[in-house]
Amino acid sequence: MVNHSRRQFVGQCAAVAGTSAVSAMAGRIPADGAQTQPLGNWAGNYQYTASGITPARSLAQVQDFVRKHAHFKVLGTRHCFNGIADSADQFLSLREMNEIVGLDRAARTVTIEAGMSYGQLCPPLDQDGFALHNLASLPHISIAGACATGTHGSGVGNGNLSTAVSAFEIVTAGGDVLSIARSKDPRTFQATVVSLGALGVVTRLTLDVQPAFTMRQDVYLDLSMAQVREHFEDIVAAGYSVSLFTDWQRGRVNEVWVKRRVAAGETVAALQDYYGARPATTHVHPIVELSAENCTAQMGVAGPWYERLPHFRMGFTPSSGKELQSEYFVARSNAVDAISAVERLRDHVSPHLLITELRTIAADDLWMSPCYKRPSLAIHFTWKPDWPSVRTVLPMIERELAPFEVRPHWGKLFTIPSAQLQARYEMSAEFKRLVAEHDPHGKFRNAFLTANLYG
Ligand SMILES: Cc1cc2nc3c(=O)[nH]c(=O)nc-3n(C[C@H](O)[C@H](O)[C@H](O)COP(=O)(O)OP(=O)(O)OC[C@H]3O[C@@H](n4cnc5c(N)ncnc54)[C@H](O)[C@@H]3O)c2cc1C
């Protein structure tokens, strides 16, 4: 991974947490539109090196910017924990391009401008009677950034968020506009949806939608790890989306969040005897010390899909805020062994951990997706903001998970050497060939891509 210097890891919460970079700096953007204030990522652990950020308000402005700049990156909502979004030169922001372009009821698709966040899209989409198949733990993130990094939610039958994309429009290095659709050119489509920001500026995305649905969310406490080992497949299939939160202590999962779809007019009860775990009798936060006010409604209260699928509410700080994150994907067939492998490291992990989340994701066919051709278990770590300690623990976890051909989340912290990383993405060489075709002079290449894909 890119070499994070201590200077980059300032280890403090960003002053602009939860808002867009551009809007947070509104009023400080000079007449030429470029903003020059130093900028950090959402968690404040990474200080970007770009010298300015320019907002685009139209496709023509994007094309103009692309033609005038030799090197730059698009910055989304800054929710990655590493340098994947960083540029040594310039940022382009599409946060002001955040409209719904059109809803096609017959085709069951919605087309949006690429600066839109899930939090902006979901309420009007629901009002129009439609839903997305899944969401991440938070709605605050940009749709384009999430899809570029293979962001996911949970559910054995649910692909990551990138799998909802059915077409997109991208401005490539020469300023040309390409439209890529799943139905028209499946190979290029599979190659480019999880783009890691390497292929160009995504300006529009078309997403599959389905009729809006209602959900209930129930939390169960103190599920024993012995039950997880014995009944893993049944436990994670007990809901449409299931998340297991553990601190790896006392041989148990602290909380299980079970999100179930409720058909119209149907009354669904809480699960009886959920493998010995007891139903929570009050709303909880995954990090038990933090306020449940920031979280989506639990206790079986029925509500719209977009207010149950994420753990955290729009308008509130998701997770802890002052944190680092890592996440590792293994094949679901190795889930129990992988969980046991991490459990064996608990004395190294727990002192630096806020919470671990275990989620499942369906396999997909997107080349650079961590779930490429693998129904997956994702083992996530929300760490205390102490990079010097965390960076000593990550190689231990990566070593224990190496027999399972572990793949890291592209937007979180990892230390897997480039050669191993590339070997675990069997299409990475093909992907780089395609990048070379569309971006022959490395306009969208940055230190993160150089270190991880070309190292
Ligand atoms: C509190 C918290 C909770 C999280 N929960 C989850 C979770 O539940 N599941 C999960 O998988 N991840 C999760 N993440 C990780 C994270 O949400 C994603 O990886 C993230 O959404 C990336 O989107 P972004 O807009 O913030 O992108 P940025 O970090 O701004 O950029 C990421 C990459 O996308 C590229 N990009 C962005 N927009 C465009 C565009 N228009 N065209 C081309 N490239 C573009 C950038 O250049 C960069 O390469 C979480 C992060 C935080 C902080």
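Residues numbered from 1 in each chain as written. Predicted model: local features only at pLDDT ≥ 70, side-chain atom pairs only at ≥ 80, totals over all residues. Heavy atoms only, no water.

Structural notes on the sheet that holds strand β2 (residues 73-75)
Condition: In short, DSSP must find at least two bridges between two strands for them to pair. For the purposes of this entry, the term helix denotes a DSSP run of H or I that reaches at least four residues, the term strand denotes a run of E that reaches at least two, and both are numbered from the N terminus. Fitted lines through C-alpha atoms serve as axes, helices being fitted only where they are in contact, and the angles separating the N-to-C directions of these axes extend from 0 to 180 degrees.
Across the sheet, 3 strands lie side by side as β1-β3-β2; this open sheet has parallel pairing. Strand pairing shows two members of the sheet lacking a second neighbour, β1 (53-55) and β2, which therefore form its edges. Strand-to-strand twist across the sheet, computed as the mean angle between neighbouring axes with direction ignored, equals 35 degrees. Across 3 bridges, the pairing between β2 and strand β3 (residues 91-93) is parallel. Among the inter-strand pairings, K73 is bridged to a residue of β3, identified as F91.

What about the site of the ligand?
Basically, it comes down to this: One heavy atom within 4 Å of a molecule or strand is enough for the residue carrying it to be called near that molecule or strand. Counted as a polar contact is a pair of N or O atoms within 3.5 Å, where, for protein atoms, one must be capable of donating a hydrogen and the other of accepting one, and residues adjacent in sequence contribute only when both atoms are in side chains. The Shrake-Rupley method, run with a 1.4 Å probe sphere, supplies the accessible areas, and residue values consider only the shown protein chains as cover.
Contacts to the ligand come from 36 residues, most closely from V74, G76, H79, S142 and R359. In the environment of the ligand, a nitrogen atom lies 2.9 Å from a nitrogen or oxygen atom belonging to the backbone of V202. Out of a free accessible area of 980 Å², the ligand has 99% covered by protein chains. Of all elements in the fold, only β2, α4 (143-148) and β9 (201-208) reach the threshold of two or more residues within the shell around the ligand.

Section: the sheet that holds strand β5 (residues 109-113)
For sheets, the rule is that strands pair by backbone hydrogen bonds, running either parallel or antiparallel. Overall, antiparallel pairing links the 5 strands, which are arranged β4-β5-β9-β7-β8 in an open sheet. Here the strands that pair on one side only, and so sit at the sheet edges, are β4 (100-104) and β8 (177-181). Ignoring strand direction, the axes of neighbouring strands in this sheet form an average angle of 15 degrees. Alignment of β5 against β9, held across 5 bridges, turns out to be antiparallel.

A few points about the packing of helix α6 (residues 225-236) against helix α7 (residues 335-343)
The condition that has to hold: Convention used here: angles under 35 degrees read as roughly parallel, angles over 145 as roughly antiparallel, angles from 65 to 115 as roughly perpendicular, and any remaining angle as oblique. Each crossing is labelled by how the near helix is turned from the far one, with a counterclockwise turn of less than a right angle marking it left-handed and a clockwise turn marking it right-handed. Any two residues having at least one pair of non-hydrogen atoms within 4.5 Å are treated as being in contact. Any residue that is not Ala, Val, Leu, Ile, Met, Phe, Trp, Tyr, Cys, Pro, Asp, Glu, Lys or Arg is counted as polar, Gly included; the first ten are nonpolar and the last four charged.
Where α6 meets α7, the closest approach of the two axes is 9 Å, and the angle between their N-to-C directions is 160 degrees. With respect to their mutual orientation, α6 and α7 come out roughly antiparallel. Judged by the twist between their axes, the crossing of α6 over α7 is left-handed. Where α6 approaches α7, its residues M225, V228, R229 and F232 are matched on the opposing element by A335, V336, I339, S340 and E343. Along the lines of polarity and charge, the residues of the contact of α6 with α7 split into 6 nonpolar, 1 polar and 2 charged.

A short note on α7
Spacing of three or four residues puts side chains on the same side of an α-helix, whose turn is 3.6 residues. Counted only if it meets this: Residue burial is assigned from relative accessible area. The probe radius is 1.4 Å, only protein chains are included, and a residue is buried under 20% of its type maximum, exposed over 50%, and partly exposed in between.
In terms of burial, α7 is largely enclosed, as 7 of its 9 residues are buried. Every buried residue belonging to α7 is among A335, A338, I339, S340, A341, V342 and E343, and all of these are buried. Looking at the buried side of α7, the elements it contacts are α6, β16 (324-331), α8 (346-349), β17 (353-361), β18 (376-383) and α9 (387-401).

Considerations on the pattern of salt bridges
Which entries qualify depends on this criterion: Any Lys or Arg side-chain nitrogen found within 4 Å of a carboxyl oxygen on Asp or Glu counts as a salt bridge.
This structure, assessed with the given rule, holds 17 salt bridges. A salt bridge links R229 to E343; its shortest N-O distance comes to 2.8 Å. Of this pair, R229 sits in helix α6 while E343 sits in helix α7, and the two are 114 residues apart along the sequence. The class for R229 is partly exposed, based on a relative accessible area of 37%. With a relative accessible area of 10%, E343 lands in the buried category.

With respect to the state of the cysteines
Cut-off, in case you're wondering: Note on terminology: pairs of cysteine sulfur atoms within 2.5 Å are recorded as disulfides.
Under the counting rule described, the total for this entry stands at 0 disulfides. There is no disulfide at C122, and the cysteine sulfur nearest it, in C147, is 12 Å away. Overall, C122 belongs to the buried group, its relative accessible area being 3%.

Spatial relationships are all this shows, so hold off on functional conclusions.
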